[in-house]
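# Secondary and tertiary structure notes
These are the residues of each chain, in order.
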Amino acid sequence: EREGRGRALEQARRRFQQAFHSAPTGMALVRLDNSTIIDANRSLAEMLQRPVDDLVGRSIREITHPDDLKAAAVHRARLELGIVDTYLLDQRYERSDGSYVWARTRVAVTEDDGVPLAITHIEDVTEQRRVADQLPGTVEVWLDLSEPVPATAGNEAEARRRAERVDRQQRV
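What this report covers is the structure whose coordinates are included nearby. Note that the coordinates shown come from a computational prediction; the quantities given were computed from them, not determined experimentally. (Residues numbered from 1 in each chain as written. Predicted model: local features only at pLDDT ≥ 70, side-chain atom pairs only at ≥ 80, totals over all residues. Heavy atoms only, no water.)

### What to know about the pairing of strand S1 (residues 26-31)
Burial analysis of S1 places 5 of its 6 residues in the buried class, which makes it a mostly covered element. Examined bridge by bridge, S1 and strand S5 (residues 115-124) share 6 bridges and lie antiparallel to one another. Counted as the bridge partner of Ala 28 is Thr 120 from S5. Bridge count between S1 and strand S2 (residues 37-40): 3 bridges; the pairing is antiparallel. Along S2, the bridge assignment pairs Leu 29 with Asp 39. Here S1 hands over to S2 after 5 residues, with Ser 35 in that stretch at a positive phi of 65°. (Buried < 20%, exposed > 50% of the residue type's maximum accessible area, 1.4 Å probe, protein only. Helix = DSSP H or I, 4+ residues; strand = E, 2+ residues; numbered from the N terminus. Pairing = 2+ DSSP bridges.)

### Remarks on the environment of Thr 126
As for its position among the elements, Thr 126 is in helix H5 (residues 126-133). Along the primary structure Thr 126 and Arg 104 are separated by 22 residues, whereas in three dimensions their C-alpha atoms are 9.2 Å apart. Every residue in contact with Thr 126, bar those within four places of it in the chain, is listed here: Val 101 and Trp 102. (Contact = heavy atoms within 4.5 Å.)

### Considering the nonpolar core
Generally speaking, nonpolar side chains in soluble globular proteins are found buried as a group. Membership of the largest hydrophobic core comes to 22 residues, with the highest contact counts inside it found for Ile 37, Leu 44, Leu 48, Leu 55, Ile 63 and Tyr 93. Going through the elements one at a time, S1, S2, helix H2 (42-47), helix H4 (69-80), strand S3 (86-94), strand S4 (100-112) and S5 are the ones with two or more residues in this core. Contact partners of Tyr 93, with chain neighbours within four places excluded, come to Leu 48, Ile 60, Ile 63, Thr 64, Ser 99, Tyr 100, Val 101, Ala 103, Thr 105 and Ile 122. If you look at the next biggest cluster of nonpolar residues, it comprises 5 residues, including Phe 20, Ala 23, Met 27 and Ile 119. (Core = buried A, V, L, I, M, F, W, Y, C linked by side-chain atoms within 4.5 Å.)

Right under this line is the structure:
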């Protein structure tokens, strides 16, 4: 029975690695204690125009735009404290040429051998932001809707407030 569980665990790890490395969006596994990228997929490397080896071992903070570090730190602290187990954030990451790509970053927490890890999904939204910048009022609506309202009691008012704001801005 123990041998069977060991094989099942190894198979699950292989499946995860296969899904991780073949994912069409950027992904990174990041240690929560020191923000070190311990693994990254080819999609993320291509998005940031860097080799995977250049990402692994680097702090995710090093490639995050300086103006976005504070917001990311607040979300990360909430993860570390166990207040939330996922978050969504739009932020910029630095490419190898020094330019920045806007990305929608979704983060969930897992653990590997007692080490808390952030499973980070990073989707390039640079083009969507560029288009939204050309339409008055669109960026504010888009940014407001990019942060989900937690599904807990009492948040119905917040959801209604956002919906009314979107409705008002669409009529302008």
